[in-house]
Amino acid sequence: MADETNTRTLPATSWAVLGLLSFGEELSGYDLKKWSDWSLRFFYWSPSFSQIYSELKRLEKAGYATSRMIAQDTGTRDKRVYRITDEGMAAVREWAREAPVDPPVLKHGPMLRMWLGHLLEPERMREVLLGHQEFAEKMRRRAVADTEGAKDEAAWAYPALTLKWAERYYASERDLAAAMLEDIEALPPEPGNRP
């Protein structure tokens, strides 16, 4: 049984992995990576395999997950799958309900470049913003596609809504980049446009 301090000391990434397991399926590390790339990457985290396995070890040690080896039908090596425990389900439910919700931390590369725009040529700043527009539109389309894949799964109703949020977020990022391009055109042509 995990002690009371486990719910206080686990990092948010542990809760994200435990949250993936909370949908009730036995999942391998590969499955968890695939599921996180399908949903979590849009708004929180795109983990490496090593991060996933580190979190799974931490969750097993806390008593929030268990694992077992299963034989593969294809003759390849056995695979380890993980399942949430009842204690893990109670802990992640409590964390989702009770833990303070951290405000998003904005680490925005294009915005940082804009802030340093006085050091760039205007054409380079336009390239940065155009690249961001393309990236945002690509991510928006992916969120739309992933939403389509989730809409028939009743257990994924809230992740599907989160994907809709991601779609809207990336559409707004695309539109903000377009607006910033217009704002750059309105700047006086002289150097020294500083805060």
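Whatever comes next refers back to the structure up there.
Given the structure is predicted, the values throughout are model-derived calculations rather than measurements.

K.L.:
I tried to follow helix α8 (residues 157-186) on my own but got confused; where do I start?
P.N.:
In an α-helix, one full turn covers 3.6 residues, which means residues spaced three or four apart are oriented alike. Here α8 spans 44 Å end to end across 30 residues, near enough to the 44 Å set by a 1.5 Å rise per residue. Within the sequence span of α8, burial applies to Pro 159, Ala 160, Leu 163, Ala 166, Tyr 170, Ala 171, Glu 173, Ala 177, Leu 181 and Ile 184. Taken together, the buried residues of α8 touch α3 (29-38), α6 (109-115) and α7 (122-150).

K.L.:
Before we go on, may I ask you to explain the environment of Val 81 in this structure?
P.N.:
Following the sequence through the fold, Val 81 ends up in strand β3 (residues 79-84). Overall, the relative accessible area of 4% leaves Val 81 in the buried class. Between the C-alpha atom of Val 81 and that of Pro 103, which follows or precedes it by 22 residues, the distance is 33 Å. For Val 81, the residues in contact, after removing those within four places along its chain, are Glu 26, Leu 27, Ser 28, Thr 66, Ser 67, Arg 68 and Ile 70.

K.L.:
What should I look at first to understand the sheet that holds β3 in this one?
P.N.:
Strand pairing in a sheet takes place through backbone hydrogen bonds and is either antiparallel or parallel in direction. Pairing in this open sheet of 3 strands is antiparallel, and the strands run β1-β3-β2 from one edge to the other. Because the sheet does not close on itself, it has two edges, and the strands there are β1 (27-28) and β2 (65-70). Note: β1 against β3, 2 bridges, orientation antiparallel. From the neighbouring strand, Ser 28 faces β3, where its bridge partner is Val 81. The strands touched by helix α2 (residues 12-21) are β1, β2 and β3; relative to β3, the strand with the most contacts, the crossing angle is about 95 degrees.

Conventions we followed
- Residues numbered from 1 in each chain as written.
- Predicted model: local features only at pLDDT ≥ 70, side-chain atom pairs only at ≥ 80, totals over all residues.
- Heavy atoms only, no water.
- Helix = DSSP H or I, 4+ residues; strand = E, 2+ residues; numbered from the N terminus.
- Expected span 1.5 Å × (residues − 1).
- Buried < 20%, exposed > 50% of the residue type's maximum accessible area, 1.4 Å probe, protein only.
- Contact = heavy atoms within 4.5 Å.
- Pairing = 2+ DSSP bridges.
- Axes fitted to C-alpha atoms, helices over the stretch in contact; angles between N-to-C directions.

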